[in-house]
Amino acid sequence: KAGVTQTPRYLIKTRGQQVTLSCSPISGHRSVSWYQQTPGQGLQFLFEYFSETQRNKGNFPGRFSGRQFSNSRSEMNVSTLELGDSALYLCASSLEVGELFFGEGSRLTVL
Amino acid sequence: AQSVTQPDIHITVSEGASLELRCNYSYGATPYLFWYVQSPGQGLQLLLKYFSGDTLVQGIKGFEAEFKRSQSSFNLRKPSVHWSDAAEYFCAVVPSNAGNNRKLIWGLGTSLAVNP
């Protein structure tokens, strides 16, 4: 069974631009979560989607948004990028409470 | 506030030595408990979990963890460390009574280095 796939793996943007990251969960998994990982802040929860509905949301500004499609694939978008948005963005899918299957992440660099 | 503490930011052990990584949580009730590992440049992988029952749980890669209710702890152990165990280790919890609000609460991680 294929794992969680995130695209793109690496990307470089400049301040003010926007970015869209994609996540394909493991087949059959309806829950998709997104995390931001930085060296100083650790893993910060962004949001969780389940069956196309946002079920949980972290404490991020409205520039961070996401959605989930009927096939469970998910995207997250960051608008008006800031230098501080440089991070590894991780997507995870799950079937059971707390048992997350992570992708390898999308590393975003904002210049 | 609910929180997870990993007191050790960085640990270095010699290959073949035993390992214990500490994790403490603060909740009113026993939560569901997890340990994840992140190898360099990779996503996270679940090592083991505790929901209920036997307080000593076995995981993948030879790891085990023991839940101690009296100490609100869920420490990760391995009897003999291999060089490939060098990674970042994260403890995480979910309140058992969270209903649909079941997002994981994460510790900040412990970075493990292994000396040859």
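Residues numbered from 1 in each chain as written. Chains lettered and ligands numbered in written order. Predicted model: local features only at pLDDT ≥ 70, side-chain atom pairs only at ≥ 80, totals over all residues. Heavy atoms only, no water.

### Describing the nonpolar core
A general trend in soluble globular proteins is that nonpolar side chains are found buried together. Our working rule: Within this scheme, the nonpolar core is defined by two criteria: the residues are buried Ala, Val, Leu, Ile, Met, Phe, Trp, Tyr or Cys, and they are joined through side-chain atoms within 4.5 Å. Here's how the labels work: a residue is buried when its accessible area is under 20% of the maximum for its type, exposed when over 50%, partly exposed in between, all with a 1.4 Å probe on protein chains only. Think of it this way: any DSSP run of H or I at least four residues long counts as a helix, any run of E at least two long counts as a strand, and we number them from the N terminus. Should any heavy atoms of two residues lie within 4.5 Å, those residues are considered in contact.
Judged by nonpolar contacts, the single largest core of 27 residues is most densely connected at Leu 19, Trp 35, Leu 47, Leu 48, Phe 74, Leu 76 and Tyr 89 of chain B. Put simply, the parts of the chain that give this core at least two residues each are strand E2 (10-14), strand E3 (19-21), strand E5 (32-38), strand E6 (44-50), strand E8 (64-68), strand E9 (73-78), strand E10 (87-94) and strand E12 (110-115) of chain B. Considering each element in turn, this core owes the most residues, four residues, to E10 of chain B. Apart from residues lying up to four places away in sequence, Leu 47 of chain B is in contact with Trp 35, Tyr 36, Val 37, Gly 59, Ile 60, Lys 61, Phe 63, Leu 76 and Tyr 89 of chain B. Counting residues in each nonpolar core, the second largest holds 21 residues, with Cys 23, Phe 47, Tyr 49 and Phe 64 of chain A among its members.

### Digging into the environment of Glu 20 of chain B
Residue and element names in this part refer to chain B. The following threshold applies: Residues adjacent in sequence count toward polar contacts only when both atoms are side-chain atoms; beyond that, a polar contact is any pair of N or O atoms within 3.5 Å, and within protein one must be able to donate a hydrogen and the other to accept it.
Among the secondary structure elements, Glu 20 is positioned in strand E3. Exposure remark for Glu 20: the relative accessible area of 39% places this residue in the partly exposed category. Spatially, the C-alpha atom of Glu 20 lies 9.6 Å from that of Glu 64, the residues being 44 residues apart in sequence. Filtering out sequence-adjacent residues up to four positions away, Glu 20 remains in contact with Ile 11, Asn 75, Leu 76 and Arg 77. At a separation of 3.3 Å, a polar atom in the side chain of Glu 20 contacts the side chain of Asn 75.

### What about the interface of chain A and chain B?
For clarity, the cut-off: A side-chain nitrogen of Lys or Arg and a carboxyl oxygen of Asp or Glu constitute a salt bridge if their distance falls within 4 Å. Each residue is assigned to one of three groups, with Ala, Val, Leu, Ile, Met, Phe, Trp, Tyr, Cys and Pro labelled nonpolar, Asp, Glu, Lys and Arg labelled charged, and all others, Gly among them, labelled polar.
With 19 residues of chain A at the interface, the matching set in chain B holds 20 residues. Between Lys 49 of chain B and Glu 99 of chain A there is a salt bridge; the shortest N-O distance is 2.4 Å. Our count for the contact surface shared by chain A and chain B stands at five residue pairs in polar contact (both at pLDDT 80 or more). Looking at the side of chain A that touches chain B, the elements that each hand over two or more residues are strand E4 (31-38), strand E5 (42-50), strand E6 (53-57), strand E9 (87-94) and strand E10 (100-102) of chain A. Along the lines of polarity and charge, the residues of the side of chain A that touches chain B split into eight nonpolar, six polar and five charged.

### Some remarks on the sheet that holds strand E8 (residues 74-78) of chain A
Strand pairing in a sheet relies on backbone hydrogen bonds. The paired strands run either parallel or antiparallel. Residues and elements named next belong to chain A. Rules: When DSSP finds two or more bridges between two strands, those strands count as paired. To obtain an axis, a line is fitted to C-alpha atoms, over the contacting stretch when the element is a helix, and the angle between two such axes runs from 0 to 180 degrees between their N-to-C directions.
Pairing is antiparallel in the open sheet, where four strands are placed in the order E1-E3-E8-E7. Strands with a single pairing partner mark the edges of an open sheet, and in this sheet they are strand E1 (5-7) and strand E7 (64-68). Put simply, the sheet's adjacent strands are angled 15° from each other on average, direction ignored. Examined bridge by bridge, E7 and E8 share five bridges and lie antiparallel to one another. By the bridge assignment for E8, Gly 66 is matched with Met 76.

### Things to note about the pattern of salt bridges
Pairs may arise between side chains of opposite charge once their charged atoms sit close together. All chains considered together, the criterion is met by eleven salt bridges over all chains. Between Asp 85 of chain B and Lys 78 of chain B there is a salt bridge, with its nearest N and O atoms 2.8 Å apart. A residue is classified by how much of its surface remains accessible, and Asp 85 of chain B, at 5% relative accessible area, is buried. Since its relative accessible area comes to 10%, Lys 78 of chain B is described here as buried. Connected via shared salt-bridge partners are Arg 63, Glu 82 and Asp 85 of chain A.

### What to know about the state of the cysteines
All names here are of chain B. Test applied: Cysteine sulfur atoms are paired as a disulfide whenever they fall within 2.5 Å.
Scanning all chains against the criterion turns up two disulfides over all chains. Each sulfur of the disulfide joining Cys 23 and Cys 91 lies 1.9 Å from the other. Judged by the sign of its S-S torsion, about -65°, the cystine formed by Cys 23 and Cys 91 is left-handed. Of this pair, Cys 23 sits in the loop between E3 and strand E4 (24-26) while Cys 91 sits in strand E10; the two residues are 68 residues apart in sequence, bridging distant segments of the chain.

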